[in-house]
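Read off the chains here:
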Amino acid sequence: MTETMDQKHSTWANRLRENQGIRSLMEDLGKQTGHPDEILLGGGNPAHIPEAEAIFQETFANLAKEPALRALLGDYQAPIGNDHFREIAAEYLSSHFGTSLRKENIAFFNGSQNAYSYLLNLHSGPMADGSFKKILLPIVPEYIGYADQTITEGVFVANTPMVKQTGKNRFQYELNKTSFDLTDIGVLAISRPTNPTGNVINLSDLEWMEERTKKQNIPILIDLAYGNPFPNLIGKEEPIHFENGRTLSLSFSKIGLPGVRLGIVISDEDTIETLSSFAAVGNLAVGNLGVYMMEQLFQKNLLTQLSENILRPFYEAKRNLALALFTDAFQKLGVEYEIHDPMGGFFLWIRFPSLSITNHQLYHLCKDKRLFIVSGHYFFPGLNTDFSHTKECIRLTYCRKEEELARGAQILAEIVASHQAKSE
Ligand SMILES: Cc1ncc(COP(=O)(O)O)c(C=O)c1O
């Protein structure tokens, strides 16, 4: 860090400047050169699926024709959305979350990332009662975008997860119940499915945690960006319902609308009220486009069918294709590898146990060949123990075309094969 930075910026600003995680990932996405050799397996963009795009384009075109367009372009929403839109969401989501929601349980944000920056600060750091609270990530690796969102430094807590071998070259992370400790914890955060691993935490583990958190009134944030009810990429696992003590978040991004920036939070009335204060200060108002599109999509009940008939089959086929391509390339070149069971979402999390360089160095070597992946070391915020996976794993998306995935598999396999420690 330069001296000028130290002097001119706040400590938070300097911490953000040092952070290379979410920023480098999103900058890689934005810096695509369009070079024909570029292989973009790094970012979290959803795939462009023509059937989904047709639904979104028609919705958009309808809005452009309506008298509502004047308000859409020319009026502010309330900070977390006008009551009319919150009522529509409450009614629609009640049937999907097995409960009766009211508008007071609903808040809209400019993307769910935006919601997390408030939720994580609401529940951590110096508290009004004089205590200091931290954020527990019950299973790491966990979503890169939570790290560094808090104004207070050092608030993330994580333990080494259990690693279960689930088959040849396959494993799964599981909750480590023996090290589960709620001392000084203000909130838990978990993405389901988990970005980056594709893990979908089972409901019995969630309930096991809630038996303990409820006794201490500690909320659990459950990030459903890839989960139910849309895009519902949860494989064979059970959907999540809303209950007291849970704050759920949804995103329009992974259904195919990342440019619209709509995130929805479902929580108790008090949390929603507080979020409204954060949103008024931080955003003034949620953007109009997302809530107007939501009104159409929810009222015509388009997202259930879209998820079941289009998104799930599409991503499951892509997952199977990517598994076949990468496995084949690794085996042909003698790469030692293990893949996390891809239960949901749209990423593969791959471990190279014999890698003689770090995953971050591997990322750079791949980038030199125009292959973009994400180094796994970013996904362990709060973990202070030595865990070899932090240096051995990478994440890649399988949202891309077959030809791109195949070239990516070949390049990755070649680089890893030439950087493996020789086994005795
Ligand atoms: C698990 C998870 N949560 C939240 C987000 C944020 O998404 P958005 O702000 O686009 O809703 C992402 C984006 O990649 C994600 O993967």
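Since the model is a prediction, treat every value here as computed from it, not as a measurement.

> Can you lay out the overall build of the chain for me, pointing to particular residues and giving the numbers?
A count of helical and extended segments in the chain gives 14 helices and 16 strands. The C-alpha radius of gyration computed for the chain amounts to 21 Å, which stays within 12% of the reference 22 Å derived for 424 residues, consistent with globular compactness. Expressed as a percentage of its 424 residues, the buried residues of the chain come to 55%. Taking contacts inside the chain between residues at least 6 apart in sequence as the whole, the part at least 24 apart equals 75%. Summing over all exposed atoms, the chain offers an accessible surface of approximately 18,700 Å²; the carbon and sulfur share of this is 50%.

> Hey, could you go over the sheet that holds strand 16 (residues 393-397) for me, with residue numbers and the actual values?
Taken together, the 6 strands give an open sheet; going across it, the order is 6-7-12-13-16-15, and neighbouring strands pair in mixed fashion. What marks the edges here is a single partner per strand, and that holds for strand 6 (162-167) and strand 15 (374-375). Pairing of strand 15 with strand 16, which is carried by 2 bridges, proceeds in the antiparallel orientation. Looking across to strand 16, one finds that valine 374 is bridged to arginine 395. The strands touched by helix 11 (residues 302-332) within the sheet are strand 7 (170-174), strand 12 (338-340), strand 13 (347-351) and strand 16, with strand 13 carrying the most contacts at an inclination of about 25 degrees.

> Outline the pairing of strand 7, listing residues and values.
Put simply, side chains in a regular strand alternate between the two faces of the sheet. When strand 6 meets strand 7, the two strands line up antiparallel, connected through 5 bridges. Its bridge partner being in strand 7, glycine 167 is matched across the sheet by arginine 170. Between strand 6 and strand 7, which follow one another and run antiparallel, lie 2 residues, and asparagine 169 among them has a positive phi close to 60 degrees. As paired strands, strand 7 and strand 12 are joined by 2 bridges and run parallel to one another. Note on strand 12: the bridge partner recorded for arginine 170 is isoleucine 339.

> Any chance you could break down the nonpolar core for me, citing the residues and the numbers?
If you look at the biggest cluster of nonpolar residues, it comprises 129 residues, and the most contacted ones within it are Phe352, Leu362 and Leu412. For this core, the element with the most residues is helix 11, which contributes 11 residues. Looking at this core, you find at least three residues from each of domain 1 (3-48 + 305-417) and domain 2 (53-303). The residues contacting leucine 362, other than those within four sequence positions of it, are Phe352, Leu355, Ile357, Ile373, Ile394, Leu412, Ile415 and Val416.

> Can you tell me about the site of the ligand, naming the residues and giving the values?
Around the ligand, the structure places 13 residues, and the nearest of them are Asn195, Asp223, Ser251, Ser253 and Arg261. In this structure, aspartate 223 approaches the ligand through a side-chain N or O atom, which is 2.5 Å from a nitrogen atom. Isolated, the ligand exposes 400 Å² of accessible area, and the fraction of that covered by the protein chains is 92%. Structurally, the ligand is housed in the largest pocket. Among the residues making up the shell around the ligand, the classes are represented as 3 nonpolar, 7 polar and 3 charged.

> With reference to specific residues and values, describe the packing of aromatic side chains.
Enumeration according to the criterion identifies 23 aromatic pairs in this entry. An aromatic cluster is built from Phe171, Tyr173, Trp349, Phe379, Phe380 and Phe387, whose rings are joined through pairwise contacts. In this structure, arginine 212 is placed above the aromatic ring of tryptophan 208, and the distance from its NZ or CZ to the ring centre is 3.7 Å. Positioned over the ring face of phenylalanine 347 is arginine 395, at 3.8 Å from the centre of the ring.

> Tell me about the packing of helix 6 (residues 83-96) against helix 10 (residues 288-299), residues and numbers included.
Pairs of packed helices are described in terms of their axes, by the angle between the two and the distance that separates them. The geometry of helix 6 relative to helix 10 is characterised by a closest axis approach of 10 Å and an angle of 35 degrees between their N-to-C directions. Relative to helix 10, the crossing made by helix 6 is left-handed. Taken together, the residues of helix 10 that come into contact with helix 6 (itself represented by His84, Phe85, Ile88, Ala89 and Tyr92) are Val291, Tyr292, Met294, Glu295, Phe298 and Gln299.

> Residue-level account of the layout of surface pockets, with values.
If you add up the space inside the largest pocket, you get close to 460 Å³. Lining the largest pocket are 23 residues, with Met26, Gln113, Tyr143, Lys254 and Arg261 positioned closest to its centre. Contributions of two or more residues to the lining of the largest pocket are made by helix 3 (21-30) and helix 7 (112-122). Broken down by element, the residue count for the lining of the largest pocket peaks at 4 residues, all from helix 3. Of the residues that constitute the lining of the largest pocket, the class distribution is 10 nonpolar, 9 polar and 4 charged. Here the lining of the largest pocket gathers at least three residues from each of two domains, domain 1 (3-48 + 305-417) and domain 2 (53-303).

> How would you explain the domain arrangement of the chain if you had to name every residue and give the values?
The extent of an interface is frequently quoted as the accessible surface area lost upon association of the parts. Domains assigned within the chain are domain 1 (3-48 + 305-417) and domain 2 (53-303). A separation of 23 Å is found between the C-alpha centroids of domain 1 and domain 2. Across the boundary between the two partners, domain 1 contributes 46 residues, which contact 54 residues of domain 2. Carbon and sulfur atoms make up 58% of the surface buried where domain 1 meets domain 2, a total of about 4,300 Å² over both sides. It is Arg15, His340 and Met343 in domain 1 that bury the most area against domain 2; as a group they hold 16% of the surface buried on that side. Counting the contacts that link domain 1 with domain 2 gives 2 salt bridges. Between arginine 170 and aspartate 341 there is a salt bridge; the shortest N-O distance is 3.2 Å. At the boundary of domain 1 with domain 2, the tally comes to 30 residue pairs in polar contact (both at pLDDT 80 or more). Mapped onto the side of domain 1 that touches domain 2, the elements with two or more residues apiece are helix 2 (11-18), helix 3, helix 11, strand 12, strand 13 and strand 16. The element contributing the most residues to the side of domain 1 that touches domain 2 is helix 11, with 10 residues. Split into classes, the residues belonging to the side of domain 1 that touches domain 2 amount to 24 nonpolar, 14 polar and 8 charged.

Calculation criteria
Residues numbered from 1 in each chain as written. Predicted model: local features only at pLDDT ≥ 70, side-chain atom pairs only at ≥ 80, totals over all residues. Heavy atoms only, no water. Helix = DSSP H or I, 4+ residues; strand = E, 2+ residues; numbered from the N terminus. Rg over C-alpha atoms; globule rule 2.2 N^0.38 Å. Buried < 20%, exposed > 50% of the residue type's maximum accessible area, 1.4 Å probe, protein only. Contact = heavy atoms within 4.5 Å. Areas by Shrake-Rupley, 256 points an atom, 1.4 Å probe, with all protein chains shown as cover. Pairing = 2+ DSSP bridges. Axes fitted to C-alpha atoms, helices over the stretch in contact; angles between N-to-C directions. Core = buried A, V, L, I, M, F, W, Y, C linked by side-chain atoms within 4.5 Å. Domains from an automatic or database assignment. Near = heavy atom within 4 Å. Polar contact = N/O pair within 3.5 Å; in protein donor to acceptor, adjacent residues only side chain to side chain. 1 Å grid on protein atoms, 1.4 Å probe; cavity = no way out; pocket = protein on both sides within 12 Å on 5 of 7 lines; lining within 4 Å. Sits in = over half its atoms within 2 Å of the grid points. Nonpolar A, V, L, I, M, F, W, Y, C, P; charged D, E, K, R; others polar. Phe/Tyr/Trp six-rings, centres within 6.5 Å; stacked < 30°, edge-to-face > 60°. Lys NZ or Arg CZ within 6 Å of the ring centre and 35° of its normal. Left-handed = near helix turned anticlockwise from the far one by under 90°. Points joined across faces, edges and corners; volume = space filled by probe spheres on them. Buried area = accessible area lost by both parts, 1.4 Å probe. Salt bridge = Lys/Arg side-chain N within 4 Å of Asp/Glu carboxyl O.

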